[in-house]
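Listed below, chain by chain, are the residues.
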Amino acid sequence: QVQLVESGGGLVQAGGSLRLACAASGRTFSRYAMGWFRQAPGKEREFVATITSIGGWTYYADSVKGRFTISRDNAKNTVYLQMNSLKPEDTAVYYCAARGGGYSDYWPAYDYWGQGTQVTVSS
């Protein structure tokens, strides 16, 4: 069982930056691939970024490539999402998720989810 808690969301102006963090409980964090997803009001959950269990590989949605960076610190049981050059269309609730296999951009493939953190980008 893995429990995930996101933090770092907030209100930022367009062009600004935020860093989200997702802290995981348990001693097996390093066995899980991690992903970030987001969901805006009235829209479906959308893939943002994913990283392998030891952090060797990452994969991004085209909409955030070059602006967002996913990373992890297995010693701290934490995964991060550095978000730069934010746009109003990045406004959403951001969720981190964990899965016991390889990384994936498919949200149903994930086993554990955090409660989400709100990111609002003003124009």
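Residue numbers restart at each chain and count upward from 1, following the sequence in its written direction. Where totals are concerned, whole chains, interfaces and linings use all residues; where local detail is concerned, this predicted model gives features only for residues with pLDDT of at least 70, and gives and counts side-chain atom pairs only at 80 or more. For side-chain calculations, the full set of non-hydrogen atoms in the structure is used, while hydrogens and water are omitted.

Peer 1: Mind laying out the overall build of the chain, listing which residues take part and the relevant values?
Peer 2: Only DSSP runs of H or I covering at least 4 residues are called helices, and only runs of E covering at least 2 are called strands; the numbering of each starts at the N terminus. When helices and strands are tallied, the chain shows 0 helices and 11 strands. N-terminal to C-terminal, the α/β element order of the chain is β-β-β-β-β-β-β-β-β-β-β. In terms of overall dimensions, the chain has a C-alpha envelope of 40 × 25 × 25 Å along the principal axes. By the burial criterion, 46% of the 123 residues in the chain qualify as buried. Here the analysis covers contacts within the chain between residues at least 6 apart in sequence; of these, 58% occur between residues at least 24 apart. Accessible area for the chain stands at about 6400 Å²; split by element, carbon and sulfur atoms hold 47% of it. Buried residues are those whose accessible area, probed at 1.4 Å on protein chains only, stays under 20% of the maximum for their type, while exposed residues exceed 50% and partly exposed ones sit between those limits. Whether two residues are in contact is decided by their heavy atoms, any of which lying within 4.5 Å being enough. Working definition of accessibility: Shrake-Rupley area with a 1.4 Å probe, residue cover restricted to the visible protein chains.

Peer 1: Tell me about the sheet that holds strand 1 (residues 4-7), and name the residues and values.
Peer 2: Each strand in a sheet pairs with its neighbour through backbone hydrogen bonds, running either in the same direction (parallel) or in the opposite one (antiparallel). Each pair of strands is called paired provided DSSP finds at least two bridges between the two strands. The 4 strands lie next to each other as 1-3-8-7, forming an open sheet whose pairing is antiparallel. The sheet is open, and its two edges are formed by strand 1 and strand 7 (68-73), each paired on a single side. Pairs of neighbouring strands in the sheet enclose a mean axial angle of 15 degrees, with direction left out of account. One ladder, built from 4 bridges, connects strand 1 with strand 3 (residues 18-24); its direction is antiparallel. Each bridged residue has a counterpart across the sheet, and for Glu6 the counterpart in strand 3 is Cys22. A fitted line through C-alpha atoms represents every axis, and for helices the fit uses only the stretch in contact; the resulting angles, taken between N-to-C directions, go from 0 to 180 degrees.

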